[in-house]
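Geometric and topological summary
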Amino acid sequence: VALLMLEQKPELHGKLSYVEGLAIDPTGPQPHAWLSLGDEALDSTWPSAYMTTYFGVPFDPGWVDLVSQAAGVVGMLAEWKLFSKPVTDELLTRN
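Below: a short report on this structure. (Residues numbered from 1 in each chain as written. Predicted model: local features only at pLDDT ≥ 70, side-chain atom pairs only at ≥ 80, totals over all residues. Heavy atoms only, no water.)

Looking only at helices and strands, one finds 3 helices and 4 strands in the chain. Its helices and strands taken in sequence order, the chain reads α-β-β-β-β-α-α from the N to the C terminus. When contacts within the chain are restricted to residue pairs at least 6 apart in sequence, those whose partners lie at least 24 apart make up 47%. Just so you have it, the chain exposes about 6,200 Å², and 58% of that area is on carbon and sulfur atoms. (Helix = DSSP H or I, 4+ residues; strand = E, 2+ residues; numbered from the N terminus. Contact = heavy atoms within 4.5 Å. Areas by Shrake-Rupley, 256 points an atom, 1.4 Å probe, with all protein chains shown as cover.)

What follows is the structure, encoded as structure tokens:
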């Protein structure tokens, strides 16, 4: 859903990050994905999230799209076995 949101907001390309991690609300932590604009979480799945804290790792949306297409699935946490190597490689290239 987060990547679809990015497609609907072309004016924000280059300004947004795709983030996967945990969204923690009063019911507990949930594996989740969202977009971030700086420190702001843009969550199209839970647009009226109440008392939600987001903790995750940001990625370039273009990179996520390429890796997701190659794997044939979306959702790095949900499909960790498919994504563990490309995500680890990507994180190791960061300064």
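The subject of this paragraph is helix H3 (residues 80-93). An α-helix turns once every 3.6 residues. As a result, residues three or four positions apart point the same way. Between its first and last C-alpha atoms H3 spans 19 Å; for 14 residues at 1.5 Å apiece the expected length is 20 Å, and the two agree. Remark: the principal bend of H3, roughly 25°, maps to Pro-86. (Expected span 1.5 Å × (residues − 1). Bend = angle between axes of the 7 residues up to and from the residue.)

Now for a nonpolar patch on the surface. Taken together, the side chains of Leu-22, Ile-24 and Phe-55 present a nonpolar region at the surface, about 280 Å² in accessible area. Its relative accessible area of 32% is what places Leu-22 among the partly exposed residues. (Patch = residues over 30% accessible without salt bridge, like charges linked within 9 Å, V, L, I, M, F, W, Y side chains within 5 Å. Salt bridge = Lys/Arg side-chain N within 4 Å of Asp/Glu carboxyl O. Buried < 20%, exposed > 50% of the residue type's maximum accessible area, 1.4 Å probe, protein only.)

Before going further, it helps to spend a moment on the environment of Val-64. Considering the arrangement of structural elements, one finds Val-64 in helix H2 (residues 61-71). Residue Val-64 is classed as buried on the basis of its relative accessible area of 1%. Sequence-wise, Val-64 and Val-74 are 10 residues apart; in three dimensions their C-alpha atoms are separated by 8.6 Å.

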